[in-house]
Every structure is written in structure tokens, then in C-alpha cells.
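# Summary of structural features
As a plain string of letters, each chain reads:
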Amino acid sequence: MRTKAINEVSLEFPSRSCNEGFARSAVACFAAQLDPTLNELEDIKTAVSEAVTNAIVHGYPETIGNVQIKLRVCSGNVLELVVRDHGKGIPDVEKAREPMFTTGGEERSGMGFTIMESFMDQLTVRSTPGKGTTVIMKKKLAPRVNRGQ
């Protein structure tokens, strides 16, 4: 069941590596309304960076396509991030989620999904070969009042 959003925004940009920094910054600005700690914000930025980089490197390895990000603030201080491409797709999502597995050559670490999963509370990956990949991440941020500052 989909939770109703309190606030949301959608972004779309070409799958150029220079846009990865833009995606990190845009997501950080949107997430700021939840008043995250610096550690929470870094976790969110890192997870988004990994998802966007995967879309650029693996989704569109030999062409430029579009990467879409949808951000939602949901009740309970939950940030939902959806990163979608309409590129190559992943033939075996479970295999792709294994640490150290990569199809991007020896310069790639194969840790993207592992990093996303470690920094977010929930990670869902859906992919269809030839049609693209959707990565859905959720992170619940504790209210500042309960942080013992």
C-alpha cells in the first residue's frame, strides 16, 4: 500500500556523469525539510549517488538516456526516494545485489546496492531487461526533539 505524501518533487535529467552531483545536491535540499542530522544527510546523499551512478553507468552504458528521481516526504518522517531509468535493465536483480558483483568492468567495485542498503532502511529494486530499472529507497528520520542534543 502506498503511503500518502506530505510533499513531493520529481526531477529528470540526462544520464551524464556530471549530473550525479546535481542529483546529490537536489536530494539534500529536499531532504533538509525533515531537519536531518549531518550523518543522516550524508547517508541519503551517498545512497542517491550510488543509485544515480548505477543508472548512468549500467542503465545507459553506450548512450545518453534520462534518469528520473521522485522524492516524497511521507507521514512518520519518512523520506522515499525513487530513481528510475529506461535503459538496459538488469537480467538478474538478486545476482546484481550481491556484494562485489559488477558488469561495469574492473574500475567498478560492485558495492552500489550494498551501500544503498546499508544507508537506507528499505531498498527495493525492480528491473526488466530492455526496459529499465527502478530503485526505491526509504529512510525514517527521527524527530530532532528525540535526539538528545
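Anyway, here's the lowdown on the structure attached to this text. (Residues numbered from 1 in each chain as written. Predicted model: local features only at pLDDT ≥ 70, side-chain atom pairs only at ≥ 80, totals over all residues. Heavy atoms only, no water.)

With that settled, consider the nonpolar core. Core analysis: the biggest nonpolar cluster contains 35 residues, and V48, V52, I69, L79, L81, M116 and M137 have the highest contact counts within it. Broken down by secondary-structure element, the contributors of at least two residues to this core are β1 (5-14), α1 (19-31), α2 (38-59), β2 (66-74), β3 (78-85), α4 (112-119), β4 (122-128) and β5 (132-140). (Core = buried A, V, L, I, M, F, W, Y, C linked by side-chain atoms within 4.5 Å. Buried < 20%, exposed > 50% of the residue type's maximum accessible area, 1.4 Å probe, protein only. Helix = DSSP H or I, 4+ residues; strand = E, 2+ residues; numbered from the N terminus.)

Bringing the side chain of E20 into the picture now. Tracing the backbone through its elements, the reader meets E20 in helix α1. Despite its burial, E20 pairs with no opposite charge, the nearest such side chain being R24 at 4.1 Å. Here the side chain of E20 touches S49 through a polar contact of 2.4 Å, side chain to side chain. Beyond its immediate sequence surroundings of up to four residues, E20 is in contact with S49, V52 and T53. (Lys, Arg positive; Asp, Glu negative; His and termini not counted. Salt bridge = Lys/Arg side-chain N within 4 Å of Asp/Glu carboxyl O. Polar contact = N/O pair within 3.5 Å; in protein donor to acceptor, adjacent residues only side chain to side chain. Contact = heavy atoms within 4.5 Å.)

This part is about α1. Taking 1.5 Å per residue as the helical rise, α1 with its 13 residues ought to reach 18 Å, and the 18 Å between its terminal C-alpha atoms agrees with that figure. All of the buried residues in α1 are N19, E20, A23, A26, V27, A28, F30 and A31. (Expected span 1.5 Å × (residues − 1).)

Even without being a glycine, D35 presents a positive backbone phi close to 55 degrees. Turning to its location among the elements, D35 is positioned in the loop between α1 and α2. Located in the positive-phi region is N77, a residue other than glycine, with phi close to 65 degrees. Here N77 shows up in the loop between β2 and β3.

What follows concerns the pairing of β3. In terms of burial, β3 is a largely internal element, seven of the eight residues being buried. Linking β2 to β3, which pair antiparallel, is a turn of three residues; within it G76 sits at a positive phi near 80 degrees. As paired elements, β3 and β5 share eight bridges and run antiparallel to each other. Of the residues in β5, the one forming a bridge with L81 is M137. (Pairing = 2+ DSSP bridges.)

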